[in-house]
Every structure is written in structure tokens, then in C-alpha cells.
Amino acid sequence: MNAFDFESLPARVVFGPHALARLPREVEQLGAKRALVLSTPQQRALAERIAGLLGERSAGIFPHAVMHVPVEVARCACDEADRLGADCVVAAGGGSTIGLGKAIALHSSLPILAVPTTYAGSEMTPIYGLTEAGHKKTGRDRRVLPRTVIYDPTLTLDLPPMMSVTSGFNAIAHAVEALYAEGSNPVTAMMAEEGIRALADGMPAISEHQRDLEGRSDCLYGAWLCGSVLGTTGMAVHHKLCHVLGGTWNLPHAETHTIVLPHAVAYNYAAAPEAMKRIERAMRTPNAATGIFDLMKRLNAPLSLQEIGMRCDDLDRAASLVMEAPYYNPRSTTREGILCLLDGAFFGRRP
Ligand code: NAD
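Here we summarise the structure given alongside this text. (Residues numbered from 1 in each chain as written. Predicted model: local features only at pLDDT ≥ 70, side-chain atom pairs only at ≥ 80, totals over all residues. Heavy atoms only, no water.)

### Focus: the sheet that holds strand β5 (residues 112–116)
Across the sheet, which stays open at both edges, the 6 strands sit in the order β1-β8-β5-β4-β2-β3 with parallel pairing between neighbours. Only two strands of the sheet have a single partner each, and these edge strands are β1 (12–15) and β3 (58–62). Neighbouring strand axes in the sheet, compared pairwise and without regard to direction, differ in orientation by 15° on average. In the sheet, strand β2 (residues 35–38) pairs with β3 via 4 bridges, with the strands oriented parallel. Looking at β3, one finds that L36 is bridged to G60. Contacts between helix α3 (residues 71–84) and the sheet are confined to β2 and β3, with β3 contributing the most and set at about 160° to the helix. Across the sheet, helix α4 (residues 95–108) touches β2, β3, β4 (88–93) and β5, and the angle it forms with β4 is around 165°. (Pairing = 2+ DSSP bridges. Helix = DSSP H or I, 4+ residues; strand = E, 2+ residues; numbered from the N terminus. Axes fitted to C-alpha atoms, helices over the stretch in contact; angles between N-to-C directions. Contact = heavy atoms within 4.5 Å.)

What follows is the structure, encoded as C-alpha cells:
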């Protein structure tokens, strides 16, 4: 076994159907008396429900979270938290809402209690992102790591089927890269493999029956593990490509992760044999790259970048942007290799 460093990030996790009922007690345990509840406009009813549960411990709701945390929205949310004298933030929703909570914590160091309702995994990471004038800036800061996370699978029962599938592959992508990124170690590898297994079991179940609670629980449990390993290890070529494609062409986050993943895995196949073995064992497939692609196809996920709005003429520029500042990757990042990867993802070819 190679030498390694391992760091676990401090977060309290409360998991289970109807775990949301425990929220008031969890807010109290954070020592908070005035929680500001965040959501997107679409999930306002959830924010109101949470504020109702909190009673006097609710300072109010801010149901204005949007994708990619624009600085203007972050400023408004910070002002609202100051105005209401909030001493805690409850972020209920997907990565966009949790991202807004992180923006507030970065400004004021308020503790975050996250209630994730997608599989994006942001609740387990100290990574934040803010968008200013169309440019997304990301960073790591311990202040933005939620202190408590409540995973209640019943809150995911209405996550639309296609979003469930692409969000699930977004989570799997975190675990896949954690297996071969810098900072990978035997403990995170174990968690990554189990996270992939749980999602690969849960996703077909919820594709068949959207409200299958067992499948929803498997997926949310997998998302927790995948988010955890993203938070403690690094990222590699897959995440670099998705950041370039999302940041420059504004392609949808979870769909982009889904489409690129089998091609990034194929790119690294020979360079990361131990990681591939773990993915294959977790997904019960003889080949990690084709196994992921075949599962995507079976679950009717989008397969090609062209179907989500990428233009063929832009592939060259995307490769150049990746080459400007590549992330660590087990196989060296070459322009020809990246162009070939992008070409496969653009046309949705089986890798
Ligand atoms: P999202 O948060 O943008 O949610 C998409 C839509 O789905 C929203 O309208 C939301 O209200 C709705 N929704 C969420 N849960 C629902 C549910 N259970 N039922 C019905 N509707 C629901 O999507 P996302 O994919 O979770 O997050 C994407 C964002 O998160 C991106 O900006 C990405 O960069 C960020 N992210 C950050 C990290 C990190 O570590 N910082 C990790 C992963 C993703």
C-alpha cells in the first residue's frame, strides 16, 4: 500500500425518511435562535414548511436562490441575513441553494444546516462558487462547510426522473474522480466505491418508480458518500472539462457531468487500473467506461453534448481552455487526447 494522508471533514449527518422532523432540535444544537431559510423560487413551499417547523427559531425565508450563485443574489441574501439578525442559515434544496448558503457563510461565518434535495453533493464540501459578470469563481474555505446535514429521502420523491438520473451521474462522477485524483486514499476509495454502488442500485429503481422510497434512500446515501469524497480529495480531467463547458458555454451542470463521464473514464482507463476495478465491482460491469455509458442509455439520460446545445465548432476552443490550466490527471492531458474525448462526448459515441 502506498503512503497517504487522510482528513475527514467535520459534519454531523442525520439520515432517514422523515428526518426533517428533527430539524428544530438540530438548529437548537447549533446554538441558533434565528435561522434564515433559503430555497429556490420553485421550492418556496419547502422553505415555508421548514420555517413553520422552526416556529420562533425562524427569522424568515429567502426563496430566491438561482443557478451558479450570481454575486447580486448573494449580496441580497447577505443583506437579508443581516437585516433579520440571522444566526444560522438553513439551505434546503440542490447545489444552487446550498451554494447560496455558502456565499452567506463566506461573508458572515454563520453556520449552515443543509437539507439537500438533489444528489449534487455540495453539502459535504468546503467548495464554493460565485458568478460575477458571467465568470464563475470557485474556492475552498472551511467556513462554508455545512455543520449539520439532514438527508431526508422523502424530500427527493418529487425530483423529476430526468433530473434524478443526471444528478445521480453527477454524484457518481465525484466518486469516480476521487478514486484517481490527487489526495485519493484507501478510506475515501472505500467510500467512493460504496457511493457508486448505492447510486447504481438506486437509480434504476427510481427510474421505474419515481417515488420508490428504498431507491430514493439508496441514491441519497450514495450522494452523501460521493459528496464526502469530493470534499476531501481532488478532481481531475472530468471535472476540469465540466467546469470549462459549464463556465464558458453555460451548459446545464448535471447533464454535462453525465455526458462527459464515460469518456473521461475511458480516457483514464489504462492509467488508473485500481480505480477502474472498484468502479466495475460497484457497478457489476466488466468495463467501467462502457458500463457507465450503458447505464446512461438504459436510464434515458442525455448521451451527447450536441443534444444539450454545444456546437461542434466550439470543441477546439474547449480543448484549448482545458490545456491552459489542466488539473492533475493520472494520464497526461494532451490536446489531441482531449479533442478525441470531446469528439466522443459531442456525438454521444459508446466509448
Ligand atoms: P439545482 O440546485 O440548480 O436545482 C435545479 C432545480 O431543481 C431547481 O429549480 C430546484 O429548486 C429544483 N429541485 C431541487 N430539488 C428538488 C426536488 N427534490 N424536487 C423538485 N425540484 C427540486 O441543481 P443541482 O444539480 O443540485 O446543483 C447544481 C449547482 O450546484 C451548480 O451550480 C454546481 O456548480 C453546484 N455544485 C456545487 C458543488 C460544490 O461542492 N460546491 C458540488 C456539486 C454541485
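Picking up after the structure, the text goes on.
### Topic: the site of the ligand
The environment of the ligand is made up of 23 residues, and the closest members are T40, S96, T117, T118 and T125. In this structure, H68 approaches the ligand through a side-chain N or O atom, which is 3.3 Å from an oxygen atom. Calculation on the ligand without its partners gives an accessible area of 870 Å², and the protein chains cover 84% of this total. Broken down by element, the shell around the ligand gets its largest block of residues, 3 residues, from α4. In terms of residue class, the shell around the ligand is made up of 7 nonpolar, 13 polar and 3 charged. (Near = heavy atom within 4 Å. Polar contact = N/O pair within 3.5 Å; in protein donor to acceptor, adjacent residues only side chain to side chain. Areas by Shrake-Rupley, 256 points an atom, 1.4 Å probe, with all protein chains shown as cover. Nonpolar A, V, L, I, M, F, W, Y, C, P; charged D, E, K, R; others polar.)

### Description of the nonpolar core
Residues L100, I104, F169, V176, I196, I279 and I292 are the most contacted members of the largest nonpolar core, which totals 73 residues. A total of 10 residues in this core trace back to one element, the largest contributor, which is helix α5 (residues 161–180). Counting 24 residues, the second largest nonpolar core, distinct from the first, contains V260, I308, L315 and A319. (Core = buried A, V, L, I, M, F, W, Y, C linked by side-chain atoms within 4.5 Å. Buried < 20%, exposed > 50% of the residue type's maximum accessible area, 1.4 Å probe, protein only.)

### Side note on the pattern of salt bridges
Scanning the entire structure with this criterion turns up 18 salt bridges. A salt bridge links E132 to R75; the nearest nitrogen and oxygen atoms lie 3.8 Å apart. Taken together, the residues span a long stretch of sequence, with E132 in strand β6 (residues 127–132) and R75 in helix α3 at a distance of 57 residues. Close ionic contact of D201 with R197 constitutes a salt bridge, the shortest N to O distance being 2.7 Å. Residue D201 and its partner R197 are located together in helix α6 (residues 186–208), separated by 4 residues, close to a single helical turn. With a relative accessible area of 27%, D201 lands in the partly exposed category. For R197, a relative accessible area of 27% corresponds to the partly exposed category. Linked through salt bridges whose partners overlap, the residues forming this network are E194, R197, D201 and R284. (Salt bridge = Lys/Arg side-chain N within 4 Å of Asp/Glu carboxyl O.)

### Here we look at the layout of surface pockets
By volume, the second largest pocket amounts to about 520 Å³. If you go around the second largest pocket, you meet 21 residues; those closest to its centre are N2, L179, S184, N185 and E274. At 6 residues, helix α10 (residues 273–283) tops the list of elements feeding residues into the lining of the second largest pocket. Considered class by class, the residues forming the lining of the second largest pocket number 13 nonpolar, 4 polar and 4 charged. (1 Å grid on protein atoms, 1.4 Å probe; cavity = no way out; pocket = protein on both sides within 12 Å on 5 of 7 lines; lining within 4 Å. Points joined across faces, edges and corners; volume = space filled by probe spheres on them.)

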